[in-house]
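So the chains spell out like this:
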Amino acid sequence: MNANSYLTGIVKKYSILDEERSRLRSRVKPLYQEIQKWANGHIVRIIPSGSFSKGTAVKGGKVDIDLLISLKSQTPLNLKEIYESLYDFLDNSYYPRKQNVSIGITYNGVKVDLVPAKKQPNVEYPHSIYVSKLDTWTKTNIHKHINIIKKSRHRNIIKLFKIWCKLNEIDFPSFLLELTILEAFKRKVRLRIERNFLIVLKYIIEEFEHAKIYDPANSNNIVSDSITNGQKTQIINAAISAYKADCWEKIVWGLYEIRK
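### Looking at helix H5 (residues 142-151)
Within H5, the full set of buried residues consists of Ile142, His145, Ile146 and Ile149. The arc enclosing the buried residues of H5, seen along the axis, measures out at 95°, which places them on a common side. Of the residues flanking the start of H5, the one acting as N-cap is Asn141, its side-chain oxygen 3.2 Å from the backbone nitrogen of His143.

What follows is the structure in structure tokens.
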């Protein structure tokens with residue numbers, strides 16, 4: 001089997017099909033009613049976001065569903081108070097986890113990341129969200145994020161890298177990973193999947209440590225600053241090991257093969 005067929009087969013094996021996405025979303029649908037109760041009339045809508053909506057979700061461990069909770073711009077609490085209020089509400093039943101901009105829970109066996117956000121006045125999509133690590137807020141546009149990835153020609157390579165991260169236990173936040181891959185291809189022509197994988201590995205090895213990767217919806221938000229130097233080192237070292245490997249099984253499966 002050639003490299004292209006091998007890697008394409010891995011992507012196909014780990015991809016989450018539309019039917020499965022629909023089934024998982026139906027399992028978390030009752031959660032919407034509970035969130036409505038918490039929002040107490042201030043909610044605009046709940047917007048599915050993240051990998052599920054972008055078509056880049058992969059199997060492996062618990063599957064994530066990201067939900068942006070869009071609240072009216074007139075909601076009386078500030079963003080930090082909203083974040084803490086949602087955490088306290090969920091703490092009664094779901095053992096929530098505070099994350100950088102989201103609150104993670106497991107609902108009906110599905111991992112759900114909830115992002116409370118205030119809709120910005122007089123615009124359709126931009127929202128303000130709380131950034132807990134920096135104790136500040138930032139502007140984001142989930143609709144723009146989804147469209148950029150869905151229109152990209154690189155969704156299969158994004159999925160392949162997410163599989164690589166899962167197999168090798170690499171802590172590479174999904175949004176940053178997606179933007180890193182788009183950055184790596186800015187000056188490159190589209191090639192076969194095996195060549196594209198190596199292009200991204202090389203970019204990570206040579207440029208990722210000092211690269212400034214910006215939120216395409218907010219140039220003031222440097223997404224590459226959302227991880228620590230230690231996380232960057234882990235990602236770069238994993239990329240070096242993969243790039244030096246002598247066959248595709250070791251490149252993709254890496255540490256997973258060693259642990260078996």
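### Some remarks on the packing of aromatic side chains
Throughout the structure, instances matching the rule amount to 8 aromatic pairs. Taking the centre distance of 6.4 Å and the plane angle of 90° together, the rings of Trp164 and Phe197 count as edge-to-face. A residue pair is termed long-range when its members are at least 10 positions apart, and Trp164 in helix H6 (residues 155-168) and Phe197 in helix H8 (residues 193-207) qualify at 33 residues. Across the pair, Phe197 and Trp164 agree in class, each one buried. Between the aromatic rings of Phe197 and Trp248, the centroid separation amounts to 6.0 Å while the plane-to-plane angle is 70°, which identifies the pairing as edge-to-face.

Criteria and cut-off values
Residues numbered from 1 in each chain as written. Predicted model: local features only at pLDDT ≥ 70, side-chain atom pairs only at ≥ 80, totals over all residues. Heavy atoms only, no water. Buried < 20%, exposed > 50% of the residue type's maximum accessible area, 1.4 Å probe, protein only. Helix = DSSP H or I, 4+ residues; strand = E, 2+ residues; numbered from the N terminus. Arc of directions from axis to C-beta. Polar contact = N/O pair within 3.5 Å; in protein donor to acceptor, adjacent residues only side chain to side chain. Phe/Tyr/Trp six-rings, centres within 6.5 Å; stacked < 30°, edge-to-face > 60°.

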